[in-house]
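Architecture at a glance
Spelled out, the chains give:
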Amino acid sequence: MYPAGPAWPKLRVLRAMWALLAVLLAPGRLWAKEDIQECIWHVVLIKFEAVGEEGRSDRFFDLEPLETLDSVFSLLVDAPTDQNEKYLGFPYYLKINYSCGGESSEAQVRKGHLTGLKPLVLVTFQSPVNFHRWKIEQLQIQMEGAPFRSKERCNAEEVCAMSWYTPMPIKNGSVVMYVDVSSNGLGPFVQNKRFHVNINGFLQKQQDNTLQFTVGNEIFSLIPRYFINVPSRPLWHTVDQTPVLILGGIPDEKSVLLTDTSFTDFFLVELNIDSCWVGSFYCPQASFTATIYDAIATESTLFIRQNQLVYYFTGTYVTLHESNQGSGSWVRVLANECIKKLCPVYAHSNGSEYVMALTTGKREGYVHFGTITDGRVSFELLPRQRSVCEGLQVMNCSIIWAVFIAGDYNLLLLVQMEDPTTRKYFQVVSYDLVGNHLAILYTIPEFIPDARGLEFLMLLGTESHTTFLMVPKGMFYNQYSNLLYIWGNFLLQSYNYENFIYLADFPKEQSIKYLVNSFRGDMAIVTETEEIWYLLEGSYRMYKLFPSRGWEVHINLQVMHQSSVYTPNETMVTLFYEDTKLYQLVYLMKNQQGQLVKRHVPVEQLLMYQQLSNHYFFERQGSHLTLSFTNFCPFSVMRLRDLPNPQVYSRQERYQARPPRVVEPSGFHSENSLAVYQGLVYYLLCLHSEYHKPYADPVHDSTWRWSNKKQDQDYYFYLASNSQSPGNVYIDMASYEKIYDLKADYELPERIFLDKGTSYVFSVFLRVGGQSLEFTPELLTSEELKSTVDLGVVLADPGCIEAVVRQKFLINRNSVLFRVTLSDKRSCFDQGLSGHHLLETSMLLKVAGAVGHCFQNTHQGPRMQGNLMVPVLIGCPPGKRLAFDITYTLQYNRLQNKHYFDCVRVDPEMPCFLFRDVFYPFFLIQDLVTGDSGSFQGSYVLKVVGGGPTLDTIREYSEEEIYRFNSPLDKTHSLIWTTKNTTTTKDSAFNIMSHQSLGIEWLCLENSPCYDTIPHTIFAPEFFFKVLVSNRGVDKSTYCDYQLVFLLHIHGLPLSAKRAFFILMVSSSVFIGLVTLYIIFCLLLPVMVKAWNSLRWKINNIIMSESYYTYTSPSRNCSGTSETRSTVSSRVGSSASSKVAEANQRAPEQTWKKKPLVT
């Protein structure tokens, strides 16, 4: 405790200390900021066999896994690897290093390695478009760079050049990958950076192993006339799904800019198209040119328009299509149509992507609606029955723009009407693709409204207008915020397509050329004069970024820093958003040399410079004037607090895979250790893909089978600590795992998934007043705090989600804490498969008065505060599944039936169940993201949808058969099973089961497929049932339509009565026959033995008599014929044999008579 004494001396001392601290800290902070060098990461892709080579980079083209790792893994005998497993590898590595200003990269990398720096690489796989073919999941894998010395000649003792390497994993169904590189916190400070590493399916390998584009020929010189004074053009593509982007607009050339790294690097390619320009009476062409006017990129297909012709080219993506479905050349579509414009569809839906072609000439008033599914392109003419002009009953009309709203399956058309009696006017027309219905939603005013100094104006039809005509040129729709924009020499926005707001900040003298949206609340506008404007969605204030005072300040600062990406002579090629940041593709001319560069547009800095230049004043302090700035931000600090763990809502699955440790003291890896790293990462992802099976494992973790080798981990560590590890590699099993407990990083997740009735709760902390060092800041009352700061929440679909905000005043801290609860209202979604058909909406947090005024200084520059927009996806979140709980099912069935009999041939992956036992199935709801696994407590319907006596003879049943085999209403004696439960579906067609059901009794009635199954062995018949379990329509607790299909092995099936009687008769007959034969055999055996002995005795006598006369007859000197001798011999032998036999018979009799009787 402090000693007692007067308070005023202590207060003066503390104030003096605060002042001294401020004086000391300010120079220190400035010194620290100047001392920290700007270091950036560099990542290149290299082939597996090119590791260690300098100055090389490869294209992401080869997707076949490597099978050359067996020789490496065969050496790892005493290691946690399976010698019976075939380990594969990925064909590419990521080569990582960094550089800082003013120092060579080699020296910096060596310094970082010696100070403990290791790059952490997070690879994010983008989910595919076609969720019908591929499982929707948000998968990430985090790796750590392994240091490797360069193979170049080096005179140093240890190392000259080095880099870090990690495998570049590939996943089926994903062609877009994000690589985030960060530091482990040791060594020099290097800012985090994201790289786009996408698969390029428009390359092919030549005979000399060089790569060539399939869409055309690469041009290696960027001629200045291609870009200088050429208008910029929009970059159209499916957002977040496109691996290869294309940009046309090069004058008089059938060439495009092509990139697979989001213009970090790019190629100029001359396309191989026929350029057949045909004009006709129905398709008049005023002029012809080789320029590619419209270019749209989708996940695997590129679209271009040249004059009135439309072409597409599908790339070769084995990971998407599972076969080589790439186009051999550009395919011309809509050959008999006259196309005046292509309109993009930025969002995919229903497993497909879309593109629209607007017609002119004979097909005026129609739209060709293109659908791209798995690289297959098809077009449909809309409206189906009659043109838009005929449907609206006007003589002449022209469709200027089209927008597809996937959620409503609706087409919005911007139509120009021409009536002889009136002037031209424009309408927004809706076409329902399901009901084939046309409807006029809104008629655009003829003249621009007069806002009279307001920032925006609600158009009610009663406002006054200027003399400037409204000339609409296009529309834009944001599916997350439900905002529809109509743009031209004005900008209108609407939430319901019928009531529009006029944004008055945009000058009516300008005309918008295209819009760019981040789909995260930011939008940039490019005019015909190449001006750049900025709009924050949810607000009505527009800001001019270029040209502006803020831009002038920014350019002057860049010139002072001698930046190489800013020159006085430059031309903007395009403007686009990437990861919520705005970028320019600019052609620079410097020293008569042209260069095409991608550079960041610092929106926050420009707004801050503009605010400072517009709101300053001079304040007299004593005898001199001081420059002061007005701070319009209502708060000084804004923080997010109490954020829940992000994985529950972002649905990101993350694996961790660190490189194996090497025994070498320097810590550098060899080619073999890197190959081991490749094989382990490949094996880890294989375990992930193989985990999705119907039978639940005893442990809910995809790595649990591999983790069983952890029991010998101490032994492996002992070998490594004594430098006895095989291959000089030590594999730490704890380095290969799935992460379930990621913590929030003080920011909202990238997107929020909400299931039925779930909520997302967090807090927003706002502090009022400046960051003063005074000991006693001025405190505000609760009323003053309430009037100073206020938080609002804007919901795109208030009928589907709701937000509750509760505020708490922290008077002693001049702060307000807002507790925000975002909840689903259980009303806008039925049921769907995991990750399928999600309802897209959004939540926007707005602090009143903060838009364009509040900024937070970070090490990456200022960041806008007070406006947060988060996409919200309602439905069944990805990563949830239903699994058959075989472990508990076996335990419970054994307990209830008092016994359990498995099949004779035991299969641990598919245990058997006895036919006569009651079957009690149990299921699990497994969350693959958070690792949660619990018993399924909801209701479900169980159906047998297929089956067969063997695995090879299983067949699918038809809908009619499924009804007969499973419905309790069946009258055809075809039921396979029944239950004592009385709960059924609404139509009473099927039984409703739950975890509390009374079990299943197997019937296999006479018309069922399992009736009278013929046994193939001596054991009882078996049958494999293909079972479908679904909770659709019977479980109201979730949006998830859990569908599980699994095989159930039942043995001990009974035989039919006829077959059993037949087998009984046959078996009885065979048994009786065998018994009869046995009895006969036993009765006849003595007689047969006696007869046989007699026969054998006679044969022996004959043989002995012949032998006696042969050896005792006298020899004769005279010779006679052989026949005479044979006859005599035969007679003599016969006589002698009879005499000998008689003598032998008498001899025993005489002997018996002479022998005395023994008593």
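The structure displayed is predicted, hence computed values, not measured ones.

**Quick look at the overall build of the protein**
- Along the backbone of the protein there are 16 helices and 68 strands.
- Within the span of the protein, comprising 1159 residues, buried residues form 49% of the whole.
- Within the protein, counting contacts between residues at least 6 apart in sequence, those at least 24 apart form 63% of the total.
- Within the structure as shown, the protein displays about 58000 Å² of accessible surface, and the carbon and sulfur contribution to it stands at 54%.

**A look at helix H9 (residues 671-690)**
- The end-to-end C-alpha distance of H9 is 28 Å, a good match for the 28 Å that 20 residues give at a rise of 1.5 Å each.
- Buried residues dominate H9, accounting for 15 of its 20 residues.

**A look at the sheet that holds strand E40 (residues 581-590)**
- Reading across the sheet, the three strands line up as E39-E40-E41 and stay open at both edges, with antiparallel pairing between neighbours. Looking at strand neighbours, the two that pair on one side only are strand E39 (570-578) and strand E41 (593-600), the edges of this open sheet. Across the sheet, the axes of successive neighbouring strands diverge by a mean angle of 15°, strand direction being ignored.
- The pairing of E40 with E41 spans eight bridges and is antiparallel. Bridging from a neighbouring strand, Leu585 pairs with Lys598 of E41.

**Section: the confidence of the model for the protein**
- Across the protein, the average pLDDT comes to 86, with 89% of residues at or above 70.
- In the predicted structure, residues 1-35 sits below a pLDDT of 50 and forms six contacts with residues beyond four places in sequence or in another chain.
- A low-confidence stretch, residues 771-776 stays under pLDDT 50, and its non-local contacts, those more than four residues away or across chains, total eight contacts.

**So, the environment of Ser939**
- Take Ser939: it is sitting in the loop between strand E61 (933-935) and strand E62 (940-948).
- Separated by 94 residues in the primary sequence, Ser939 and Gly1033 have C-alpha atoms spaced 9.3 Å apart.
- Discounting chain neighbours no more than four positions away, the residues touching Ser939 are Ile992, Met993, Asn1031, Val1034 and Asp1035.

**Quick word on the sheet that holds strand E50 (residues 759-767)**
- Here we have four strands laid out as an open sheet, ordered E44-E50-E53-E52, and antiparallel in their pairing. Every other strand in the sheet has two partners, leaving strand E44 (637-641) and strand E52 (801-810) as the edge strands with one partner each. Each strand of the sheet is rotated relative to its neighbour by a mean of 20°, with strand direction disregarded.
- Two strands pair when backbone bridges link them, and E44 and E50 are joined in this way by five bridges, in the antiparallel orientation. Across the sheet, residue Met638 finds its bridge partner in E50, namely Leu766.

**Things to note about empty space enclosed by the protein**
- All chains considered together, the criterion is met by six cavities of 30 Å³ or more.
- The space that makes up the largest cavity amounts to roughly 80 Å³.
- As for the largest cavity, its lining consists of Ser481, Leu483, Tyr495, Gly521, Glu537, Gly538, Val794, Leu795, Ala796, Ser842, Leu844 and Met869.
- Only strand E51 (791-795) and strand E54 (839-847) provide two or more residues apiece to the lining of the largest cavity.
- In the lining of the largest cavity, the residues fall into seven nonpolar, four polar and one charged.

Cut-offs applied
Residues numbered from 1 in each chain as written. Predicted model: local features only at pLDDT ≥ 70, side-chain atom pairs only at ≥ 80, totals over all residues. Heavy atoms only, no water. Helix = DSSP H or I, 4+ residues; strand = E, 2+ residues; numbered from the N terminus. Buried < 20%, exposed > 50% of the residue type's maximum accessible area, 1.4 Å probe, protein only. Contact = heavy atoms within 4.5 Å. Areas by Shrake-Rupley, 256 points an atom, 1.4 Å probe, with all protein chains shown as cover. Expected span 1.5 Å × (residues − 1). Pairing = 2+ DSSP bridges. Axes fitted to C-alpha atoms, helices over the stretch in contact; angles between N-to-C directions. pLDDT = per-residue confidence, 0-100. 1 Å grid on protein atoms, 1.4 Å probe; cavity = no way out; pocket = protein on both sides within 12 Å on 5 of 7 lines; lining within 4 Å. Points joined across faces, edges and corners; volume = space filled by probe spheres on them. Nonpolar A, V, L, I, M, F, W, Y, C, P; charged D, E, K, R; others polar.

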